[in-house]
Amino acid sequence: MKFFVDSADIDAIAELNDIGLVDGVTTNPSIISKSGRDFKQVISEICKITDGHVSAEVVALEAEKMVEEGRHLRKIAPNVCVKLPLTMDGLKACNILSKEGTPTNVTLCFSPNQALLAAKCGATYISPFIGRLDDISLDGMELIEDIRTIYDNYGYETEILAASIRSANHVKECAIVGADVITAPPKVIKALASHALTDKGLAAFMVDWKKTGQTIL
Ligand code: G3P
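This section reports on the structure supplied with the text.

Each value, and the rule that gives it
For every chain, the first residue of the written sequence is number 1, and numbering continues from 1 onward in sequence order. Thresholds applied to this predicted model are a pLDDT of at least 70 for local features of residues and 80 or more for the giving and counting of side-chain atom pairs; totals over whole chains, interfaces and linings are not thresholded and use all residues. Hydrogens are left out, water is left out, and the side-chain values use all remaining heavy atoms of the structure. Helix numbers and strand numbers start at the N terminus; a helix is a DSSP run of H or I with at least 4 residues, a strand a run of E with at least 2. Contacts are assigned to residue pairs that have any heavy atoms within 4.5 Å of one another. Only four residue types enter the tally: Lys and Arg on the positive side, Asp and Glu on the negative side; His and the chain ends are excluded. Where a charge lies is defined by one atom per residue type, namely NZ (Lys), CZ (Arg), CG (Asp) and CD (Glu). The axes used here are C-alpha line fits, helices contributing only the stretch in contact, and every angle between their N-to-C directions lies in the interval 0 to 180 degrees. Roughly parallel covers angles under 35 degrees, roughly antiparallel covers those over 145, roughly perpendicular covers 65 to 115, and oblique covers all other angles. Note that Gly is not counted as nonpolar here; it falls among the polar residues with everything else outside the nonpolar set of Ala, Val, Leu, Ile, Met, Phe, Trp, Tyr, Cys and Pro and the charged set of Asp, Glu, Lys and Arg. For each residue, the test is whether any non-hydrogen atom lies within 4 Å of the molecule or strand; if one does, the residue is near. Polar contacts, as counted here, are pairs of nitrogen or oxygen atoms within 3.5 Å of one another; within protein the pair requires one atom able to donate a hydrogen and one able to accept it, and residues that are adjacent in sequence qualify only if both atoms are side-chain atoms. Each accessible area is a Shrake-Rupley estimate made with a 1.4 Å probe; only the visible protein chains count as cover when residues are assessed. What makes a crossing left-handed is the near helix being turned counterclockwise from the far one by less than a right angle; a clockwise turn instead makes it right-handed. Note on aromatic contacts: the rings of Phe and Tyr and the six-membered ring of Trp form a pair at centre separations within 6.5 Å, being stacked when their planes are under 30 degrees apart, edge-to-face when over 60 apart, and tilted otherwise. Buried, partly exposed and exposed residues are distinguished by accessible area as a fraction of the type maximum, computed with a 1.4 Å probe on protein chains only: under 20%, between the cut-offs, and over 50%, respectively. The term nonpolar core refers to a set of buried residues drawn from Ala, Val, Leu, Ile, Met, Phe, Trp, Tyr and Cys, joined through side-chain atoms within 4.5 Å.

**Observations concerning the overall build of the protein**
Phase 1 of the analysis: Along the protein, the regular secondary structure elements total eleven helices and eight strands.
Phase 2 of the analysis: Projecting the C-alpha coordinates of the protein onto the three principal axes gives extents of approximately 70 × 35 × 30 Å.
Phase 3 of the analysis: Counting only contacts in the protein whose residues sit at least 6 apart along the sequence, the fraction spanning at least 24 positions is 57%.
Phase 4 of the analysis: Within the protein, the 29 negative side-chain charges are centred at a point lying 3 Å from the centre of the 22 positive side-chain charges.

**Examining the packing of helix 1 (residues 10-19) against helix 3 (residues 39-49)**
Phase 1 of the analysis: Where helix 1 meets helix 3, the axes come as close as 10 Å, and the angle between the chain directions of the two elements is 10°. Overall, the two elements helix 1 and helix 3 adopt an arrangement that is roughly parallel. Here Ile10, Ile13, Ala14 and Asn17 of helix 1 come into contact with helix 3, specifically with Val42, Glu45, Ile46 and Ile49.
Phase 2 of the analysis: Considering only residue class, the contact of helix 1 with helix 3 consists of six nonpolar, one polar and one charged.

**As for the site of the ligand**
Phase 1 of the analysis: What surrounds the ligand is the set Asp6, Asn28, Lys83, Phe129, Arg132, Ala163, Ser164 and Arg166.
Phase 2 of the analysis: Note that an oxygen atom of the ligand is positioned 3.4 Å from one of the side-chain N or O atoms of lysine 83.
Phase 3 of the analysis: A distance of 2.6 Å separates an oxygen atom of the ligand from a polar atom in the side chain of arginine 132.
Phase 4 of the analysis: Burial of the ligand by the protein amounts to 83% of the accessible area it has alone, namely 310 Å².
Phase 5 of the analysis: Along the lines of polarity and charge, the residues of the shell around the ligand split into two nonpolar, two polar and four charged.

**Structural notes on the packing of helix 8 (residues 140-154) against helix 9 (residues 168-177)**
Phase 1 of the analysis: One way to put it is that helix 8 packs onto helix 9 with a least axis distance of 10 Å and a crossing angle of 20°. As summarised for this structure, helix 8 and helix 9 are arranged roughly parallel, according to the angle between their axes. Relative to helix 9, helix 8 is oriented so that their crossing is right-handed. Facing helix 8, whose interface residues are Met141, Ile144, Glu145 and Arg148, helix 9 presents His170, Glu173, Cys174 and Val177.

**Some points on the packing of aromatic side chains**
Phase 1 of the analysis: Applying the stated criterion to the full structure yields four aromatic pairs.
Phase 2 of the analysis: Seen in terms of ring centroids, phenylalanine 110 and phenylalanine 129 are 5.5 Å apart; in terms of plane orientation they differ by 65°. Their pairing is edge-to-face. With phenylalanine 110 in the loop between strand 5 (104-109) and helix 6 (112-120) and phenylalanine 129 in the loop between strand 6 (125-128) and helix 7 (130-135), the pair connects residues that are 19 residues apart, well separated along the chain.
Phase 3 of the analysis: Under the relative-accessibility criterion, phenylalanine 110 is labelled partly exposed at 32%.
Phase 4 of the analysis: Note on tyrosine 154 and tyrosine 156: the rings are 6.2 Å apart at their centroids and 45° apart in plane angle, and the pair reads as tilted.
Phase 5 of the analysis: Here tyrosine 156 falls in the partly exposed class, since its relative accessible area comes to 24%.
Phase 6 of the analysis: In this structure an aromatic cluster arises from ring pairing among Tyr151, Tyr154 and Tyr156.

**Description of the environment of isoleucine 150**
Phase 1 of the analysis: Within the element layout of this structure, isoleucine 150 appears in helix 8.
Phase 2 of the analysis: C-alpha of isoleucine 150 to C-alpha of leucine 197: the two residues are 47 residues apart in sequence and 39 Å apart in space.
Phase 3 of the analysis: Apart from residues no more than four positions distant in its own chain, isoleucine 150 is found in contact with Pro112, Leu116 and Tyr156.

**Some thoughts on the nonpolar core**
Phase 1 of the analysis: Counting residues in each nonpolar core, the largest one holds 56 residues, and the members touching the most others are Ile126 and Ile165.
Phase 2 of the analysis: It is helix 8 that contributes the most residues to this core, six residues altogether.
Phase 3 of the analysis: Ignoring any residue separated from it by four or fewer positions in sequence, one finds isoleucine 165 in contact with Ile130, His170, Val171, Cys174, Ile182, Thr183, Ala184, Pro185 and Val188.
Phase 4 of the analysis: One finds Phe4, Tyr125, Leu161 and Val181 within the second-largest nonpolar core, a separate group that totals five residues.

Here it is as structure tokens:
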């Protein structure tokens, strides 16, 4: 399973990349706004940290303009992936850009039928939002399962990029149902390494090792 970082925090992305946990990065207009930084500058810096796809989202609402913005964003770096909203215009732009060989990420997916349309329009990634469905008492993970079934039924190559991930448990469930990619904030990715018994066990090993009076180096 690929790990994408859902963030525009350069230091946090670089830190996770150094550990070997970054296969790509996703951003959206809210993440860029929160960073307080210049959109194209941030995307350029992220693209230098990772060779993986870096999603940069268009803000036009009409297909022709989306395509124009997408082509412009692609000039920033070869690994820019153009992120498009799941609307009829977004799908049309996805179809045009995909045929040009541009990687595309269709975002704001909340239903299996939306995911089916994105696959038909050649999306590289579909981004179903788990947390936002859970927020309104629906089952975000059921959406991932349904999309997996549909894509496997027909052999669609669009990758399921599970987004709006809020917890380590979401990551585990995505891995179990077969999402191709998860994108999560740095704090969620870091939380995957934590376990109380790991901390307890390590502390006990250190105490016992000290008793031996030995050193390794
Ligand atoms: O990048 C899209 C997505 O991951 C947003 O997550 O937590 O704002 O629902 P969230």
